[in-house]
Every structure is written in C-alpha cells, then in structure tokens.
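Working through the structure, step by step
Here is how the chains run, residue by residue.
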Amino acid sequence: DRTDFDGLVRLQPHSVPRLVLTGQYSSGKSSLISAITDGAAEVVIDSDIATDSVADYDWDGAVTLVDTPGVQAGISHHDDLAQAAIRSADLLLFTVSVDLFDDPLTDHLKWVADTLGKREQMMIVITKSGTMTAAEGIRAAAVRAADPGSPQIPFLECDASDYLRGIRHADEARGGAYRASSGIDVLRAAINAL
C-alpha cells in the first residue's frame, strides 16, 4: 500500500473541503461513506445500482463526503451527475472493487486523473478487500498497470462491510478484530493526511 500523500491537496473555493467518491456502480462508494462516519451517514447500500443522485454527507463538520452514482452503468444521466461532482471536487476517492480494473474503468481513471487534472487530489481505494484474498503485489501491480502516469496515484485496500460489521458486533473482541482488519482506520488517516 502507498501512503505517501504529501502535497496532494489543491482546494477549490469551498468553505468545507468536498471529498467526492467515484467509481463504477456497486464498487462500495456508499458503504465507504457509512464506514468512514461510523454509520452516522444514513446511506442507501445495495448490491445493485442504489445511488441515482449526488448526495452530501457531513463528516464531523470538517469534510463533506459526496456520494455519486456509479459510472458506466449504462445510465448516461448517472454519468453526467458523477462527472459534475468530480469536476467540483477538492479531493477524490476513486473506488474499485477487488475485481480490479477493466478497460472502461481504466479509461475513467485516466480521464479523472489526467483530463480533469485531479491526479494530485485523489487516491485509489480498492474496496471489498475482505471478500477475496490476493497474492502479495497483485493489486499493486493492477493499480500500476491502470495508472502509468506520474506521479502515481496513492492507493490502499479496505473493507467497509467488515468495519460496519465490527461496530455492530455483539462480541467486543470479535467486533474489534473486524474493525482492525477492515483498513478503514488506515483510510481515515490517509484522508486526514490529505
């Protein structure tokens, strides 16, 4: 995992920074918002297309988390809404599930990073990491292949569902283990470092 986030922030003129989550539908954007806010954000989570509008969620008064419709779902209106939110972002989390990159998602990454010039304001979050293991270096190689630009976009892996399961678990020790293995605290620290 890369955790070098020095000098990545170029804020738009927002009084509270806007952190926009983008990615394909069902890549875990809404679940990440719920986990980051310890379940305080009342986000609709579904394995199908659940987000059909742009929604803002307060994160402790310090950051506005912006949930967007998934791109490349075959619904052009969703793509338009997501693109408008991305253009106005101060920071971006580019979500990709453990299925990793296909050609359209790689194109979307390049469009966001290079065409829109958001490379230095974003990080890639590989979601659902608890659902499928991968040999050491496989996911890092996939990110490098999808992002050959310079500087390389930092990335990390996490599992929002494991975190949410942990904070709701009746057994404190097992809940703590879910939370610790989820990587959400690492994600929060990375966001705070931005």
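This report concerns the structure included in the present document. (Residues numbered from 1 in each chain as written. Predicted model: local features only at pLDDT ≥ 70, side-chain atom pairs only at ≥ 80, totals over all residues. Heavy atoms only, no water.)

**Re the environment of Leu-91**
Selection criterion: Counting from the N terminus, the helices are DSSP H or I runs at least four residues long and the strands are E runs at least two residues long.
Mapped onto the secondary structure, Leu-91 falls in strand β4 (residues 91-97). Sequence separation of Leu-91 and Leu-21 is 70 residues, and the distance between their C-alpha atoms is 8.7 Å.

**Considering helix α6 (residues 172-182)**
Here is the rule: Any pair of N or O atoms that falls within 3.5 Å is considered a polar contact. Within protein, one atom must be able to donate a hydrogen and the other to accept it, and sequence-neighbouring residues count only if both atoms are side-chain atoms.
The N-capping residue of α6, defined by a side-chain oxygen 2.9 Å from the backbone nitrogen of Ala-173, is Asp-171. Of the residues one or two after α6, Gly-183 is the one with positive phi, at around 80 degrees.

**Some thoughts on the packing of aromatic side chains**
Inclusion rule: Only Phe, Tyr and Trp rings take part, Trp by its six-membered ring, and two of them pair if their centres are within 6.5 Å. Stacked means planes under 30 degrees apart, edge-to-face means over 60, and tilted covers everything else. Look at NZ for Lys and CZ for Arg. If either is within 6 Å of the ring centre and within 35 degrees of the ring normal, a charge sits over the ring.
Scanning the model with the defined rule gives zero aromatic pairs in all. The ring of Tyr-178 carries Arg-165 above its face, with NZ or CZ at 5.3 Å from the centroid.

**Description of the pattern of salt bridges**
When the charged atoms of two side chains with opposite charge come close together, those side chains can pair. Inclusion rule: Take a side-chain nitrogen of Lys or Arg and a carboxyl oxygen of Asp or Glu: if they are within 4 Å of each other, that pair is a salt bridge. Remark: exposure states derive from per-residue accessible area (1.4 Å probe, protein chains only) relative to the maximum for the residue type, with buried under 20%, exposed over 50%, and partly exposed in between.
Applying the stated criterion across every chain yields a total of seven salt bridges. When the shortest N-O distance is used, the salt bridge between Asp-38 and Arg-188 registers 2.9 Å. Taken together, the positions of Asp-38 in the loop between α1 (29-36) and β2 (55-59) and Arg-188 in helix α7 (residues 184-193) put the pair 150 residues apart, joining distant regions of the chain. Of the residues examined, Arg-188 reaches a relative accessible area of 13% and is grouped as buried. Connected through shared salt-bridge partners, Asp-38, Asp-185 and Arg-188 make up one network.

**Let's talk about the environment of Ser-53**
Our working rule: By the convention used here, residues are in contact when the closest approach between their heavy atoms is within 4.5 Å.
Structurally, the position occupied by Ser-53 is in the loop between α1 and β2. For the pair formed by Ser-53 and Leu-81, sequence separation is 28 residues and the distance between their alpha carbons is 6.9 Å. Sequence-distant contacts of Ser-53, that is, excluding residues within four places in its chain, are made with Asp-67, Thr-68, Pro-69 and Leu-81.

Function cannot be inferred from these measures alone, as they are strictly geometric.
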